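# Structure at a glance
Spelled out, the chains give:
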There are 2 protein chains.
Amino acid sequence: LRLGHRLPRDERISTHVALVARAFGANSIVYSGQHDSGLEDSVKRICEQWGGNVDGKQFAIAYEKNAIKLIKKRKTDGYTILHLTMYGLSLNDKEKNPLEKIKNHEIKNKKLLIVVGSEQVPGEVYKLADYNISVTNQPHSEVAALAIVLDRLQQGRELDENWNDFQGKIKIEPKENGKKIIENKKDETNKK
Amino acid sequence: LRLGHRLPRDERISTHVALVARAFGANSIVYSGQHDSGLEDSVKRICEQWGGNVDGKQFAIAYEKNAIKLIKKRKTDGYTILHLTMYGLSLNDKEKNPLEKIKNHEIKNKKLLIVVGSEQVPGEVYKLADYNISVTNQPHSEVAALAIVLDRLQQGRELDENWNDFQGKIKIEPKENGKKIIENKKDETNKK
């Protein structure tokens, strides 16, 4: 959940948040704040080109006007709410760090809602969250915070995903030097 | 080194790249592309407020018109050039992954230049780089890629930095719930 999207200020930051969510293994993103069909189109275009399926489903982007309502709904549905905030306890806090627990439970059951904010996060979000966690207590970026947390939760395994099953039109073959873009043959087969 | 900064498109993304660099332990950022005093002012303002010293030096932001010249200069000075690109070898590539080597050598000697691109990175950058490394081969964000690599290089220790020596005006006391901002007493002492 990306809170408080503002136009035009957050256009690219929210896009980066969405693309990090997708590339690091989330199955969807919801955003609140101002509705932005340009943001939704950008994300859908990337999914079409590069593939967007997780567990056989398309990576989804949805708008929710009332973020608090969404968080409450997810809590009722048994989700754990992890709010990333520079004011929270350190991700490295050995005693209170929830990541170990989350790794073993919520990730497996896909019942984790990660919340990242914009400039002013309503106080209610802190109260509703099961965990308020900081990725450093310094100002930096919700894009970076989300990436670090998704990476830690999956112990880096998300980088090994080869995206062969994701039915995109193109993919990259990793190279030591230069660029190699290949057409996804599986996608070609599916088209026929 | 943040390549190819474009106005107004990259204003906030480049700011996030700079703030991630600072928060995750880099001692400076250089950017190329369009000169942007607004970007420089934003970063300097953050350093003033939150502290910006690494090894007793202010976290620095500088503009360099000719990025290729800068990369060549750093190579001559003995720096390792790590170019983050979605086309590169995976950060998880066990055989060719340079991170172990970098961890033990370049980080200690502070001779590492990490390069992150914008949309079109000149081919010469790939050739000049000692390593072209990808943080997934999917499109996402240079902000996230930089954070993940700085986190891995330091094995997460950068999150334990308490910023007491950084002489900022304010700092945050981590809390399970809500916000606590405290004035930096060391800073007060320094002022007297």
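The structure under discussion appears in the preceding block.
Residues numbered from 1 in each chain as written. Chains lettered and ligands numbered in written order. Predicted model: local features only at pLDDT ≥ 70, side-chain atom pairs only at ≥ 80, totals over all residues. Heavy atoms only, no water.

This part covers the overall build of chain A. The number of helices and strands found in chain A is 8 helices and 10 strands. In terms of overall size, chain A behaves like a compact globule, its C-alpha atoms giving a radius of gyration of 17 Å where 192 residues would be expected to give roughly 16 Å. In terms of overall dimensions, chain A has C-alpha extents of about 50 × 35 × 35 Å along its principal axes. For chain A, buried positions account for 55% of its 192 residues. Here chain A has roughly 9,200 Å² of accessible surface; of this, 47% comes from carbon and sulfur atoms. Between the centroid of the 33 positive side chains of chain A and the centroid of its 27 negative side chains there is a distance of 2 Å. (Helix = DSSP H or I, 4+ residues; strand = E, 2+ residues; numbered from the N terminus. Rg over C-alpha atoms; globule rule 2.2 N^0.38 Å. Buried < 20%, exposed > 50% of the residue type's maximum accessible area, 1.4 Å probe, protein only. Areas by Shrake-Rupley, 256 points an atom, 1.4 Å probe, with all protein chains shown as cover. Lys, Arg positive; Asp, Glu negative; His and termini not counted. Charge placed at Lys NZ, Arg CZ, Asp CG, Glu CD.)

As a working rule, side chains carrying opposite charge can pair if their charged atoms are close by. For the structure shown, the criterion picks out 20 salt bridges over all chains. Close ionic contact of Lys 73 of chain A with Asp 77 of chain A constitutes a salt bridge, the shortest N to O distance being 2.8 Å. Ionic pairing is found between Asp 10 of chain B and Arg 6 of chain B, a salt bridge with its closest N-O pair at 2.8 Å. Exposure remark for Asp 10 of chain B: the relative accessible area of 0% places this residue in the buried category. One salt-bridge network, held together by shared partners, links Arg 2, Arg 6, Asp 10 and Glu 142 of chain A together with Arg 12 of chain B. (Salt bridge = Lys/Arg side-chain N within 4 Å of Asp/Glu carboxyl O.)

To continue, consider the relation of the copies chain B and chain A. Least-squares fitting of chain B to chain A yields an RMSD of 0.0 Å, with the transformation described by 0.0 Å of translation along the axis and a rotation of 180°. Look at the turn and shift together and you get a two-fold axis relating the two. Taking the C-alpha atom as reference, chain B places Ala 144 of chain B closest to the rotation axis, 2.3 Å from it. Here 100% of the contact residues of chain B are again contact residues in chain A; the copies associate through an equivalent surface. (Least-squares fit on C-alpha atoms with pLDDT ≥ 70 in both. Contact = heavy atoms within 4.5 Å.)

Our next topic: the nonpolar core. Core analysis: the largest hydrophobic core is formed by 72 residues, its most contacted members being Phe 24, Leu 82 and Ile 114 of chain A together with Phe 24, Leu 82 and Ile 114 of chain B. Aside from chain neighbours lying at most four places away, what touches Ile 114 of chain B is Leu 1, Leu 82, Leu 84, Leu 146, Val 149, Leu 150 and Leu 153 of chain B. (Core = buried A, V, L, I, M, F, W, Y, C linked by side-chain atoms within 4.5 Å.)

Attention now moves to the pairing of strand E8 (residues 131–134) of chain A. Moving residue by residue along a regular strand, the side chains alternate between the two faces of the sheet. Residues and elements named next belong to chain A. Neither face of E8 is exposed, since Tyr 131 and Ile 133 on one face and Asn 132 and Ser 134 on the opposite face are all buried. Bridge analysis of strand E6 (residues 80–90) against E8 gives 5 bridges, and the strand direction is parallel. Each bridged residue has a counterpart across the sheet, and for Leu 89 the counterpart in E8 is Ile 133. (Pairing = 2+ DSSP bridges.)

Along the chain, the position of Trp 163 of chain A falls in the loop between helix H7 (142–153) and strand E9 (170–172). As for Trp 163 of chain A and Gly 52 of chain A, which are separated by 111 residues in sequence, their C-alpha atoms are 8.8 Å apart. Excluding residues within four positions of it along the chain, Trp 163 of chain A makes contact with Arg 22, Ala 23, Trp 50, Gly 51 and Asn 184 of chain A together with Gln 138 of chain B.

Residue and element names in this part refer to chain B. The N-to-C vectors of helix H1 (residues 11–23) and helix H2 (residues 37–50) enclose an angle of 35°; their axes lie 10 Å apart at closest approach. When the axes of H1 and H2 are compared, the crossing they make is right-handed. On H2, the residues touching Glu 11, Ser 14, Thr 15, Ala 18, Leu 19 and Arg 22 of H1 are Leu 39, Ser 42, Val 43, Ile 46, Cys 47 and Trp 50. Within the contact of H1 with H2, the residues separate by chemical class into 7 nonpolar, 3 polar and 2 charged. (Axes fitted to C-alpha atoms, helices over the stretch in contact; angles between N-to-C directions. Left-handed = near helix turned anticlockwise from the far one by under 90°. Nonpolar A, V, L, I, M, F, W, Y, C, P; charged D, E, K, R; others polar.)

Further remarks concern the side chain of Asn 92 of chain B. With respect to the element layout, Asn 92 of chain B can be found in the loop between strand E6 (80–90) and helix H4 (99–104). From its side chain, Asn 92 of chain B meets the backbone oxygen of Gly 156 of chain A in a polar contact 2.9 Å long. Engagement of the side chain of Asn 92 of chain B in a polar contact is seen with the side chain of Asp 160 of chain A, the distance being 3.0 Å. Ignoring anything within four residues of it in the chain, the contact list for Asn 92 of chain B reads Gly 156, Leu 159 and Asp 160 of chain A together with Asn 97 and Arg 152 of chain B. (Polar contact = N/O pair within 3.5 Å; in protein donor to acceptor, adjacent residues only side chain to side chain.)

We now examine the packing of H1 of chain B against helix H7 (residues 142–153) of chain B. If you want to describe how two helices pack, look at the angle between their axes and the distance between the axes. Residue and element names in this part refer to chain B. At their nearest, the axes of H1 and H7 sit 9 Å apart, and the two run at 10° to each other. Judged by the inter-axis angle, H1 sits roughly parallel to H7. Taken together, the residues of H7 that come into contact with H1 (itself represented by Ile 13, His 16, Val 17, Val 20 and Ala 21) are Glu 142, Val 143, Leu 146, Ala 147 and Leu 150. Among the residues forming the contact of H1 with H7, the class breakdown is 8 nonpolar, 1 polar and 1 charged. (Parallel < 35°, antiparallel > 145°, perpendicular 65-115°, else oblique.)

Here the focus is the interface of chain B and chain A. Interface size is commonly expressed as the accessible area that is lost once the parts come together. Contact residues are listed per partner, giving 53 residues for chain B and 53 residues for chain A. Each partner contributes to the roughly 4,800 Å² buried at the junction of chain B and chain A, and carbon and sulfur atoms together form 59% of this total. Along the contact surface separating chain B from chain A lie 4 salt bridges. Inspection of the region where chain B meets chain A yields 20 residue pairs in polar contact (both at pLDDT 80 or more). Of all the secondary structure elements, the ones that give two or more residues to the side of chain B that touches chain A are H1, H2, E6, helix H6 (123–128) and H7 of chain B. Looking at the side of chain B that touches chain A residue by residue, the class counts come to 23 nonpolar, 14 polar and 16 charged. (Buried area = accessible area lost by both parts, 1.4 Å probe.)

This model, assessed by the stated rule, comprises 2 aromatic pairs over all chains. Note that Arg 74 of chain A overlies the ring of Tyr 79 of chain A, its terminal NZ or CZ placed 5.1 Å from the centroid. (Phe/Tyr/Trp six-rings, centres within 6.5 Å; stacked < 30°, edge-to-face > 60°. Lys NZ or Arg CZ within 6 Å of the ring centre and 35° of its normal.)

All right, on to H1 of chain B then. Residues and elements named next belong to chain B. An ideal rise of 1.5 Å per residue puts 18 Å on 13 residues; H1 measures up with 18 Å between its terminal C-alpha atoms. Across the 13 residues of H1, 12 count as buried, placing the element largely inside the fold. Within H1, burial applies to Arg 12, Ile 13, Ser 14, Thr 15, His 16, Val 17, Ala 18, Leu 19, Val 20, Ala 21, Arg 22 and Ala 23. Of the residues trailing H1, Gly 25 is marked for its positive phi of about 100°. (Expected span 1.5 Å × (residues − 1).)

So far we have only geometry, and geometry alone does not tell us how the molecule works.
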